[in-house]
Amino acid sequence: MDSSTSAPRKVALVTGASSGIGFAVTKELALKGYKVYACARRTEPMIPLEKEFGHDIVVRVNLDITNIKEVMKFKERLNDELVDKKLDVLYNNAGQSCTLPALDVTMEQVEQCFRVNFFGHVNLCRELSEFVINAKGTILFTGSVSGIFIFPFGSIYAASKAAIHQYARVLHLELKPFGVRVINVVTGGVDTNIADTRQLPADSIYNFPEGQAALENRQLMAKNNRPMSAEEYARQVVQDIASAKDPVDVYRGKMATVLYFVSVLVPYWLIEMFVVHKFKLGAVFARAADAKKTL
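Residues numbered from 1 in each chain as written. Predicted model: local features only at pLDDT ≥ 70, side-chain atom pairs only at ≥ 80, totals over all residues. Heavy atoms only, no water.

Quick word on the packing of helix α1 (residues 20-31) against helix α7 (residues 230-242)
Item 1. Their axes nearest at 8 Å, the elements α1 and α7 cross at an angle of 55°. Taken together, the axes of α1 and α7 are oblique relative to one another. Crossing of α1 over α7 shows right-handed handedness. Judged by residue contacts, Gly20, Ile21, Ala24, Val25, Glu28 and Leu29 of α1 engage Ala230, Glu231, Tyr233, Ala234, Arg235, Val238 and Ile241 from α7.
Item 2. Grouping the amino acids of the contact of α1 with α7 by side-chain chemistry returns nine nonpolar, one polar and three charged. (Axes fitted to C-alpha atoms, helices over the stretch in contact; angles between N-to-C directions. Helix = DSSP H or I, 4+ residues; strand = E, 2+ residues; numbered from the N terminus. Parallel < 35°, antiparallel > 145°, perpendicular 65-115°, else oblique. Left-handed = near helix turned anticlockwise from the far one by under 90°. Contact = heavy atoms within 4.5 Å. Nonpolar A, V, L, I, M, F, W, Y, C, P; charged D, E, K, R; others polar.)

Notes on the UniProt feature "transmembrane region" (unreviewed entry) in the protein
Item 1. The sites that carry the UniProt feature "transmembrane region" (unreviewed entry) are, in the present numbering, residues 258-277.
Item 2. Note that residues 258-277 is 90% helix and 0% strand, and that its end C-alpha atoms are spaced 18 Å apart. (UniProt positions renumbered as here; feature names shortened; annotations may be inferred.)

As for the packing of helix α3 (residues 68-81) against helix α4 (residues 107-135)
Item 1. For the pair α3 and α4, interaxial distance at closest approach is 10 Å and the crossing angle is 10°. As judged from the angle between their axes, α3 and α4 are roughly parallel. Taken together, the residues of α4 that come into contact with α3 (itself represented by Ile68, Val71, Met72, Lys75, Leu78 and Asn79) are Asn123, Leu124, Arg126, Glu127, Leu128, Glu130 and Phe131.
Item 2. Across the contact of α3 with α4, the residue classes tally to seven nonpolar, two polar and four charged.

Focus: the pairing of strand β4 (residues 89-92)
Item 1. The alternating pattern of β4 places Val89 and Tyr91 and Leu90 and Asn92 on opposite faces, both of which are buried.
Item 2. Here three bridges tie strand β1 (residues 11-15) to β4, and the two strands are oriented parallel to one another. When the bridges of β4 are listed, Val14 appears paired with Tyr91.
Item 3. Note: β4 against strand β5 (residues 138-142), four bridges, orientation parallel. Each bridged residue has a counterpart across the sheet, and for Val89 the counterpart in β5 is Thr138.
Item 4. On the question of chirality, the crossover connecting β4 to the parallel β5 by way of α4 is right-handed. (Buried < 20%, exposed > 50% of the residue type's maximum accessible area, 1.4 Å probe, protein only. Pairing = 2+ DSSP bridges. Right-handed = clockwise from strand over helix to strand, strands pointing away.)

Below, the structure written as structure tokens:
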């Protein structure tokens, strides 16, 4: 076929593309024929993708989505480079973990988590939406089961994901008139390196051996429960992109669908009992209560 008459290659943008889900999604999209702007604060890990597909197919972009000046500069670049100013896929995947007891999270840690998990995605959607609208394309978010279920020591991360879930749902409604699909990928266990490794602060109310063990158990939750590979997750999500269906929420990753039904159908008090048992919190709570009595 004469290349001058062939359809132009579709274009995608993936954030957090240096590892895990973002890396796997970038590769899967490239395999499906997309040109992918692979964005991350560290671009060196994406060199293998660039070598495999070519720098004209996987374009490495150094981008901090929390820095609005960088976002605006990148917007100018896309305005010059995109054919017909069309972006077919905007995949908001960059994420920041925060696994600590609710009372131990500092304001700086709260702000950092929300800057990456919420504000950065809002900025990208606002500034790049015109390109997606031109293409009648698809906007995706990497949501989380943490946004619909309770996990100990995950309050701030869960809150940031619940926020992006609701943002995605309203955006889904507001972009319908423009032919743009919005997909919130409520994500369960996936084999990535996002796990938090921070220790309890010295003044934490849970700073005793049982508390530290419970935190470490929580930090290893996904890895210890046979998570879905990032490659399989990416294949499923790219199928969602190719589908003609228009759901706002899809559930991908280990236990995502199960936890959705549990959160909807099971009374909250029973869910709490299950979580206490699952994460071995009985001894932790007993020790915390004893420590309180001695104060």
